[in-house]
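Descriptive structure summary
Residues per chain, in single letters:
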Amino acid sequence: MAQYILALDQGTTSSRAILFDHEQNILSIRQHELTQQYPREGWVEQDPIEIWSTQYAAMLEVLAASGVSPHDVAGIGITNQRETTILWERETGRPIYNAIVWQCRRTADIVDGLVEQGLTDHIRQTTGLIPDAYFSGTKIKWILDHVEGAREKAARGDILFGTVDSWLVWKLTGGQAHVTDATNAARTMIFDIHKLDWDDTLLDALDIPRAMLPRVCSSSEVYGHVSLPGGDIPIAGIAGDQQAALFGQTCFAPGEAKNTYGTGCFLLMNTGTTACESKNGLLTTIGIQIGGETHYALEGSVFVGGAVIQWLRDEMRFFTDSRDAEYYAQKVPDTGGVYLVPAFTGLGAPHWDMYARGCIVGLTRGTRREHIIRAAQESIAYQVDDLLTAMKRDTGIPLGTLSVDGGASRDSFLMQFQADISHCTIRRPVIRETTALGACYLAGLATGVWHSQEELRQLWRCDTFYEPNMADETRRQLLAGWSKAVGRSLDWADHR
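Thresholds applied
- Residues numbered from 1 in each chain as written.
- Predicted model: local features only at pLDDT ≥ 70, side-chain atom pairs only at ≥ 80, totals over all residues.
- Heavy atoms only, no water.
- Pairing = 2+ DSSP bridges.
- Helix = DSSP H or I, 4+ residues; strand = E, 2+ residues; numbered from the N terminus.
- Axes fitted to C-alpha atoms, helices over the stretch in contact; angles between N-to-C directions.
- Contact = heavy atoms within 4.5 Å.
- Salt bridge = Lys/Arg side-chain N within 4 Å of Asp/Glu carboxyl O.
- Buried < 20%, exposed > 50% of the residue type's maximum accessible area, 1.4 Å probe, protein only.
- Expected span 1.5 Å × (residues − 1).
- Polar contact = N/O pair within 3.5 Å; in protein donor to acceptor, adjacent residues only side chain to side chain.
- Parallel < 35°, antiparallel > 145°, perpendicular 65-115°, else oblique.
- Nonpolar A, V, L, I, M, F, W, Y, C, P; charged D, E, K, R; others polar.
- Phe/Tyr/Trp six-rings, centres within 6.5 Å; stacked < 30°, edge-to-face > 60°.
- Lys NZ or Arg CZ within 6 Å of the ring centre and 35° of its normal.
- Core = buried A, V, L, I, M, F, W, Y, C linked by side-chain atoms within 4.5 Å.

Moving on, we get to the sheet that holds strand S1 (residues 4–10). The strand order across the open sheet formed by six strands is S3-S2-S1-S5-S14-S13, and the pairing between neighbours is mixed. Both outer strands of the open sheet, strand S3 (26–33) and strand S13 (220–228), are each paired with one neighbouring strand and no more. Between one strand axis and the next, the sheet turns by 25° as a mean value, whatever way the strands run. Where helix H1 (residues 48–66) meets the sheet, it contacts S1, strand S2 (14–20), S3, strand S5 (73–80) and S13, and its direction lies at approximately 150° from that of S3.

As structure tokens, this is what we get:
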């Protein structure tokens, strides 16, 4: 029986392919960079054909490099940048416009229109999201509005919509499968996460024909096959990148959570089969749909995570390599009372203040570069702790363990401080490619490579545990200082 799984990880800046074996060892990785296009200020686009060609090339190269025949690959799992929107012709497979990337803000006025129609509460209660240009629904409307004849063709089913996963499956199967999974559908802002169907109220408000929408499937099943020289491979797993990382971290039970430390931070907590509506500014989303069950998640994001270290490196010139931040932070016993709030573009959950701005407070004549670097490191952990506190308030579930991944998770100083300030155990995996690993798990479960989530737990390997080692009184004082510093940053920018 085939024991290899191929994960396709289509991200915002690159297309990657990773081949895993049954024991979750990585046999080969290949990656191609992806071009970002900025036709106007605030607009972000990509070429769908480049998305496809780079991903296909990475897939073929990883098989060639490993020497594994397609016949020996049990399945393909796909994970993808979420919310990015592609429309293409059913007959030709040709995109009718560039992919509008999740970062693009061009549809803000459409979002304002939905708010003016009084749809904010409906969007929140139905989709679990807040009205924002981030999500796919308004991007679909924009393309239909701006490409001549598109809406009429879409109504006939001649033009199809998909997020990146749908586009890749369509291309891989030669146009045989027009599908998405529940985790990606949940990020479109037109999907009812409770009824598990597209929402007619929002489709009508955005004038989006149902005929163009993909069939919504579970995250782990066979959707179709890709034909390659040497054999056909079933496509058997799909999940948006953050949900795939949650699954790849084996956060299978309610209350289990993961945080990805990247340029920003994405924190997701499994809330089980109950969708928890947040009262603290978090998003409710589908965590995974598998085995006939839908598991929900709470999601919060930190706008500026590792980006604050990049700022110290590039703009402040405090060091030349981001990895040096860990070294300098440990040259002083504490920050000397300094707090850095990196609200460069406002603050997200739980504050949601777009007019907040970055600040450094507590400076004295004795403040050194090392104090500011340490304060920047600590600011990442404080922001994550704000999200964890919001999740605890929403769910009533105290967090015992936080699984971590992403580039900054290599920083042992940051991980230990996170454990201390959040008073929880941090677990960092041996395999940091948790997004691809999650897609691998989903495909492997669907094709019989693994038979249960418990088997995956037993195979999952931890690199390092970080246990909390800070006195309660010290923690309270530090958190009080952080809260005070955040208060100084709020409502700073002029918006009169």
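In this structure the tally under the stated criterion is 24 salt bridges. With a shortest N-O distance of 2.8 Å, Arg16 and Glu433 are connected by a salt bridge. Note that Arg16 is positioned in strand S2 and Glu433 in the loop between strand S22 (425–429) and helix H14 (434–447), a separation of 417 residues in sequence. On the basis of relative accessibility, which here comes to 13%, the residue Arg16 falls in the buried class. The shortest N-O distance in the salt bridge between Arg476 and Glu473 comes to 3.0 Å. Here Glu473 and Arg476 lie together in helix H16 (residues 472–489), a separation of three residues that amounts to about one turn. Take Glu473: its relative accessible area is 41%, and that puts it in the partly exposed class. One network of salt bridges, with partners in common, ties together Arg82, Glu83, Arg187, Asp241 and Glu299.

The next subject is H1. Compared with an ideal rise of 1.5 Å per residue, which puts 19 residues at 27 Å, H1 spans 27 Å between its outermost C-alpha atoms and is within 8% of the ideal. Those residues of H1 not exposed but buried are Pro48, Glu50, Ile51, Trp52, Thr54, Gln55, Ala58, Met59, Val62 and Leu63. One side-chain oxygen of the residue at the start of H1 lies 2.9 Å from the amide nitrogen of Ile49, identifying that residue as Asp47. Residue Gly67 follows H1 closely and has a positive phi angle near 75°.

Okay, the packing of helix H12 (residues 369–395) against H16 next. Axes are the key here: two packed helices are described by the angle between their axes and the distance separating the axes. Remark: H12 packs on H16, axes separated minimally by 11 Å, with the N-to-C direction vectors making an angle of 90°. Classified by the angle their axes make, H12 and H16 are roughly perpendicular. Together, Ser379, Tyr382, Gln383, Asp385 and Asp386 of H12 and Leu478, Leu479 and Trp482 of H16 make up the contact between the two elements. Residue composition of the contact of H12 with H16, grouped by class: four nonpolar, two polar and two charged.

A word on unusual backbone geometry. You will see that Leu196, though not glycine, has its phi angle at about 60°, which is positive. Among the secondary structure elements, Leu196 is positioned in the loop between strand S10 (191–192) and strand S11 (197–198). Among the residues examined, Leu196 registers a relative accessible area of 33% and is labelled partly exposed. Positive phi, close to 60°, is recorded for Arg317, a residue that is not glycine. Considering the arrangement of structural elements, one finds Arg317 in the loop between helix H10 (307–314) and helix H11 (324–329).

Summed over all chains, the structure comprises 18 aromatic pairs. Relative to Tyr328, the ring of Tyr327 has its centre 5.2 Å away and its plane inclined at 70°; by these criteria the two rings are edge-to-face. For Tyr327, a relative accessible area of 48% corresponds to the partly exposed category. In textbook terms, an aromatic cluster arises when at least three aromatic residues are bridged by ring pairs, as seen for Tyr339, Tyr382, Phe413, Phe417 and Trp482. The side chain of Arg106 reaches across the aromatic face of Trp43, ending 3.9 Å from its centre. Here the basic side chain of Arg369 rests over the ring of Tyr328, its NZ or CZ set 4.5 Å away from the ring centre.

Summarising the element assignment, Phe266 is placed in strand S16 (residues 265–272). For Phe266 and Ser489, which are 223 residues apart along the polypeptide, the C-alpha to C-alpha distance reads 22 Å. Every residue in contact with Phe266, bar those within four places of it in the chain, is listed here: Arg82, Tyr134, Gln242, Lys258, Asn259, Thr260, Glu299, Gly300 and Ser301.

Another aspect to go through is the nonpolar core. Of all hydrophobic cores here, the largest spans 55 residues; its most connected members are Tyr261, Phe319, Leu402 and Ile426. Here this core gets 12 residues from one element, more than from any other, and that element is H12. Apart from residues lying up to four places away in sequence, Ile426 is in contact with Leu402, Val404, Met415, Gln418, Ala419, Thr464, Phe465 and Tyr466. Of all hydrophobic cores here, the second largest spans 40 residues; its members include Trp43, Leu129, Met189 and Ile286.

Before going further, it helps to spend a moment on H12. Taking 1.5 Å per residue as the helical rise, H12 with its 27 residues ought to reach 39 Å, and the 40 Å between its terminal C-alpha atoms agrees with that figure. In terms of burial, H12 is a largely internal element, 22 of the 27 residues being buried. Gly396, located one to two residues past H12, shows a positive phi value of around 75°.

Strands sit in the order S17-S18-S16-S15-S21-S22-S23 across an open sheet of seven strands; the sheet is mixed. Among the strands making up the open sheet, the edge pair consists of strand S17 (283–290) and strand S23 (462–466). Here the average twist between neighbouring strands, direction ignored, is 25°. By the bridge criterion, seven bridges tie S17 to strand S18 (residues 293–302) in an arrangement that is antiparallel. By the bridge assignment for S18, Ile286 is matched with Tyr296.

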